[in-house]
Amino acid sequence: MTMICTTGSQEWEEEAVCVIMCASVKYNIRGPALIPRMKTKHRIYYITLFSIVLLGLIATGMFQFWPHSIESSSDWNVEKRSVRDVPVVRLPADSPSPERGDLSCRMHTCFDVYRCGFNPKNKIKVYIYSLKKYVDDAGVPVSNTISREYNELLTAISDSDYYTDDITRACLFVPSIDVLNQNTLRIKETAQALAQLSRWDRGTNHLLFNMLPGGPPDYNTALDVPRDRALLAGGGFSTWTYRQGYDVSIPVYSPLSAEVDLPEKGPGPRRYFLLSSQMAIHPEYREDLDALQARHGESVLVLDKCTNLSEGVLWVRKRCREHQVYDYPQVLQEATFCVVLRGARLGQAVLSDVLRAGCVPVVIADSYILPFSEVLDWKRASVVVPEEKIPDVCGILQSIPQRQIEEMQRQKWSSVSNPLFLPLIPPQSQGFTAIVLTYDRVESLFRVITEVSKVPSLSKLLVVWNNQNKNPPEDSLWPKIRVPLKVVRTAENKLSNRFFPYDEIETEAVLAIDDDIIMLTSDELQFGYEVWREFPDRLVGYPGRLHLWDHEMNKWKYESEWTNEVSMVLTGAAFYHKYFNYLYTYKMPGDIKNWVDAHMNCEDIAMNFLVANVTGKAVIKVTPRKKFKCPECTAIDGLSLDQTHMVESSRDSKTCGLKQLETRLPGSQDRRDFSGLSASTSSLPSLGQCLLRSWSTELTLSCTKTTFLRN
């Protein structure tokens, strides 16, 4: 079915529901807020909105580039002014204008990390440009007065600890030029106004907010204002205009549900199985929905705009079916599933209404990028159906188990603790949990426990006893350490037991360490933990390995030779986030775990590829001061007998042809990028195709190269 964009009064009425623009004349006393504050409900929304946008930026890109260090900014205050007092800037017709949005931009290509400081409070700094009135040669204003929505957004930023009035210390720059609603903009002149900003520099590190992109007749899915490299937090991105890991998709704000106190409604069956409440739906889609109602009777309710309301009744708060009138958004709570269908624009305000009502959204908008999709798992809260499958939507929904439906109903927009004030790195006070997998090497185990217990940031030590035929030592024989020590006895001797998400793990950071790794000192382990705190989505380890393509054998192989190339780190001594234990145990394909447990080998390869596939990021190798070897180990109980398993102590490592590796040296803050040394892989088969596709055969080539001892 082809989507034909609608125009005219109906489309404008729905836009009026989405965003209500208004003017005012006051400055807020702190920061450049320009009009009186909105109601608390609106304010909470915008605080949360900017918070999640900022968190999304950090999670998807900025997090991995954060440098060191400048001190936090001093206190500030802004003189209260009237909007009438703002300076007027005249824009000649030939004023320079930015290039159109650079679709190739990513964090590592268009974001200048060197403008961002890593300060003691772990908070980046955001600068808001002072308000100016831009006019053309004829003195006509370029845009309307700033909207109350954008004013509240700026107020949320300026009231936060991230705001700075020192432009030289800012990481992000937010213009006070309101581009939330493209309908109110003069495209060319707005772009010229952006180019006038003192730190514009092709839009580098500038963040724009837009909820209603495009305009008739095309209704583009991203802001039409030329913006060059500026980041865009936009409502209504499509896969064609969204720059993954750079832009942030945000929800289109709806004031309707925010201004109505909806009662809490628990999960369970509702009066209607499926409900459609949108107005101005394209006629072809309307026909499909009406056909669904005719086919399924009272279980499906399709509403439309009311045409028979009494004078004085607010039509935006009502929906009708023939002569029956329903209160909106209250009626949404009467349905299990609610349709969120694309209109002229992909992003629809009804999504926010539906989620607030506890109704499961059925998103029917091909190529739509759901809000915050890079940090939110929408499969837990919604159902996405292709537009061509509208006639089959009831059958699709009926196939979902009731238990899963109730879990979806529990997911909703709600007031949350402001994530804007979360630290950029996990708190040092939390520390890490060390997990030691052991079988019966008691003497070596006790030495490892003693050494690890000296690490200042150790919070708990968990021993996974993998021997079902032998009891662990008595309590009195264990080393006396300053932190809790817990012994977990497993039901089966499996290597996967080391990656189980035990309830005893209360910290975010986990150190997986073998029971024979006695050569790492406490300060080296502490340094590894500090590196992980800066990169908590990475595997951070000590001994390195390399996988590469064997052209002669036409398959992947696994190298443990003492070389200067590394693409993996062994999990016999590595830090990672505890979330990966959950993914390894419950989300990784079962045949991979079965192969690992059956062969008692290669669990480190499995974990490395799991993390790489989930995050798309390389491991980080921490180089110890000493060569990584076990001089006292024997051929029976050692990690390795020869020097092919050593890791060079102070040499930087370059990249393999597949992933860039970063190396940290103890006592140094230098992180070297050797991406220029990477070999071309355009002719290589997909790693996922070659390795993950058939692990039962492919893993043998990875593990026969080296001898891992697993009791």
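Thresholds applied
Residues numbered from 1 in each chain as written. Predicted model: local features only at pLDDT ≥ 70, side-chain atom pairs only at ≥ 80, totals over all residues. Heavy atoms only, no water. Helix = DSSP H or I, 4+ residues; strand = E, 2+ residues; numbered from the N terminus. Buried < 20%, exposed > 50% of the residue type's maximum accessible area, 1.4 Å probe, protein only. Contact = heavy atoms within 4.5 Å. Areas by Shrake-Rupley, 256 points an atom, 1.4 Å probe, with all protein chains shown as cover. Pairing = 2+ DSSP bridges. Core = buried A, V, L, I, M, F, W, Y, C linked by side-chain atoms within 4.5 Å. Axes fitted to C-alpha atoms, helices over the stretch in contact; angles between N-to-C directions. Polar contact = N/O pair within 3.5 Å; in protein donor to acceptor, adjacent residues only side chain to side chain. Parallel < 35°, antiparallel > 145°, perpendicular 65-115°, else oblique. Nonpolar A, V, L, I, M, F, W, Y, C, P; charged D, E, K, R; others polar. Patch = residues over 30% accessible without salt bridge, like charges linked within 9 Å, V, L, I, M, F, W, Y side chains within 5 Å. Salt bridge = Lys/Arg side-chain N within 4 Å of Asp/Glu carboxyl O. Disulfide = S-S within 2.5 Å. Phe/Tyr/Trp six-rings, centres within 6.5 Å; stacked < 30°, edge-to-face > 60°.

Q: Residue-level account of the overall build of the chain, with values.
A: The helix and strand tally for the chain stands at 17 helices and 25 strands. Burial statistics for the chain: of 711 residues in total, 57% are counted as buried. Across the chain, the fraction of contacts at a sequence separation of at least 24, relative to all contacts at a separation of at least 6, is 76%. With an accessible surface of roughly 30,700 Å², the chain has 49% of that area assigned to carbon and sulfur atoms.

Q: Provide a residue-level description of the pairing of strand E12 (residues 335-341), including the pertinent values.
A: With seven of its seven residues buried, E12 lies for the most part within the structure. The sheet contact formed by strand E8 (residues 272-276) and E12 spans three bridges and is parallel. In the strand pairing of E12, Leu 274 is matched with Phe 337. As judged from the five bridges shared by E12 and strand E13 (residues 360-364), these two strands associate in the parallel manner. When the bridges of E13 are listed, Val 340 appears paired with Val 363.

Q: How would you explain the nonpolar core if you had to name every residue and give the values?
A: Most often, soluble globular proteins keep nonpolar side chains buried together rather than apart. Of all hydrophobic cores here, the largest spans 34 residues; its most connected members are Phe 432, Leu 445, Val 452, Leu 458, Leu 461 and Phe 575. Every element with two or more residues in this core is listed here: strand E15 (432-438), helix H11 (442-452), strand E16 (458-465), strand E18 (509-514), helix H12 (522-534), strand E23 (573-577) and strand E24 (620-622). At six residues, the largest contribution of residues to this core is made by H11. Ignoring anything within four residues of it in the chain, the contact list for Leu 458 reads Phe 432, Ala 434, Val 452, Ser 453, Arg 482 and Val 483. Counting 29 residues, the second-largest nonpolar core is a separate cluster that includes Cys 105, Val 174, Leu 180 and Val 248.

Q: Could you give an account of the sheet that holds strand E14 (residues 383-384), naming the residues involved and the relevant values?
A: Read from one edge of the open sheet, five strands run E9-E8-E12-E13-E14, paired in parallel fashion. In the strand order of this sheet, the two ends are held by strand E9 (300-302) and E14, each with one partner. Packed onto the sheet, helix H7 (residues 283-296) meets E8, E9 and E12 and runs at close to 145 degrees relative to E9.

Q: How would you explain the side chain of Gln 182 if you had to name every residue and give the values?
A: Mapping Gln 182 onto the fold places it in the loop between strand E4 (172-174) and helix H5 (187-195). Residue Gln 182 is classed as buried on the basis of its relative accessible area, which comes to 8%. Of the polar contacts made by the side chain of Gln 182, one reaches the side chain of Asp 224; its length is 2.7 Å. When sequence neighbours within four positions are dropped, the list of residues in contact with Gln 182 reads Ile 187, Asn 210, Leu 212, Pro 213, Gly 214, Gly 215, Ala 222, Leu 223 and Asp 224.

Q: Which residues make up the packing of helix H13 (residues 579-587) against helix H15 (residues 603-615), and what are the values?
A: Their axes nearest at 11 Å, the elements H13 and H15 cross at an angle of 110 degrees. Classified by the angle between their axes, H13 and H15 sit roughly perpendicular to one another. Residues Phe 580, Asn 581, Leu 583 and Tyr 584 of H13 pack against Glu 603, Ala 606, Met 607, Leu 610, Val 611, Val 614 and Thr 615 of H15. Of the residues that constitute the contact of H13 with H15, the class distribution is eight nonpolar, two polar and one charged.

Q: So what about unusual backbone geometry? Which residues, and what values?
A: In this chain, Pro 216 is followed by Pro 217 through a cis amide linkage whose omega measures 5 degrees. With an omega of 15 degrees, the peptide bond running from Tyr 328 to Pro 329 counts as cis. With respect to the secondary-structure elements, Pro 329 resides in the loop between strand E11 (324-327) and E12. Even without a glycine there, the phi angle at Asn 205 is positive, about 65 degrees. With respect to the helices and strands, Asn 205 occurs in the loop between H5 and strand E5 (207-210). A residue is classified by how much of its surface remains accessible, and Asn 205, at 0% relative accessible area, is buried. For Ser 367, which is not a glycine, the phi torsion comes out positive at approximately 70 degrees. Structurally, Ser 367 can be placed in the loop between E13 and E14.

Q: Give me a nonpolar patch on the surface: which residues, what numbers.
A: On the surface, Phe 500, Tyr 579, Tyr 582 and Tyr 586 cluster together to form a nonpolar patch covering roughly 410 Å² of accessible area. Note on placement: Tyr 582 falls in helix H13.

Q: Quick one: what's the story with the state of the cysteines, residue by residue and with numbers?
A: If you walk through the whole model with that rule in mind, you get three disulfides. Two residues share a disulfide in this structure: Cys 105 and Cys 110, whose sulfurs sit 2.0 Å from each other. Across the disulfide from Cys 105 to Cys 110, rotation about the S-S bond amounts to roughly -80 degrees, and the bridge is consequently left-handed. Assigned by exposure class, Cys 105 and Cys 110 land together as buried. Covalently, Cys 306 is tied to Cys 320 through a disulfide, its sulfur atoms 1.9 Å apart. The chirality of the disulfide connecting Cys 306 with Cys 320 is right-handed, given an S-S dihedral of about 105 degrees. One end of the pair, Cys 306, is in the loop between E9 and strand E10 (318-321); the other, Cys 320, is in strand E10, with 14 residues separating them in the sequence. Side by side, Cys 306 and Cys 320 carry an identical accessibility label, which is buried.

Q: Which residues make up the packing of aromatic side chains, and what values do they have?
A: Tallied over the entire structure, the rule returns 16 aromatic pairs. Measuring from centroid to centroid gives 5.1 Å for Phe 446 and Trp 478, while their planes differ by 55 degrees, and the two rings are tilted. One end of the pair, Phe 446, is in helix H11; the other, Trp 478, is in the loop between E16 and strand E17 (485-489), with 32 residues separating them in the sequence. As far as burial versus exposure is concerned, Phe 446 and Trp 478 are alike and both buried.

Q: Describe the sheet that holds strand E6 (residues 231-234), and please don't skip the residues or the numbers.
A: Taken in spatial order, the three strands make up an open sheet running E5-E6-E7, and their pairing is parallel. Looking at the sheet topology across the chains shown, the edges are occupied by E5 and strand E7 (248-249). Pairing of E6 with E7 involves two bridges; the strand directions are parallel. In the strand pairing of E7, Gly 234 is matched with Ser 249.

Q: Describe the pairing of E18, naming the residues involved and giving the relevant values.
A: The two faces of a sheet get side chains in turn, since along a regular strand they alternate between them. Counting buried positions over the six residues of E18 gives six, a clear majority of the element. The alternating pattern of E18 places Ala 509, Leu 511 and Ile 513 on one face and Val 510, Ala 512 and Asp 514 on the opposite face, and all of these are buried. The pairing of E15 with E18 spans six bridges and is classified as parallel. In the sheet register, Ile 435 faces E18, and the bridge partner there is Ala 512. Here E18 pairs with E23 via five bridges, running antiparallel. For Ala 512, the partnering residue across the bridge sits in E23 and is Ala 574.

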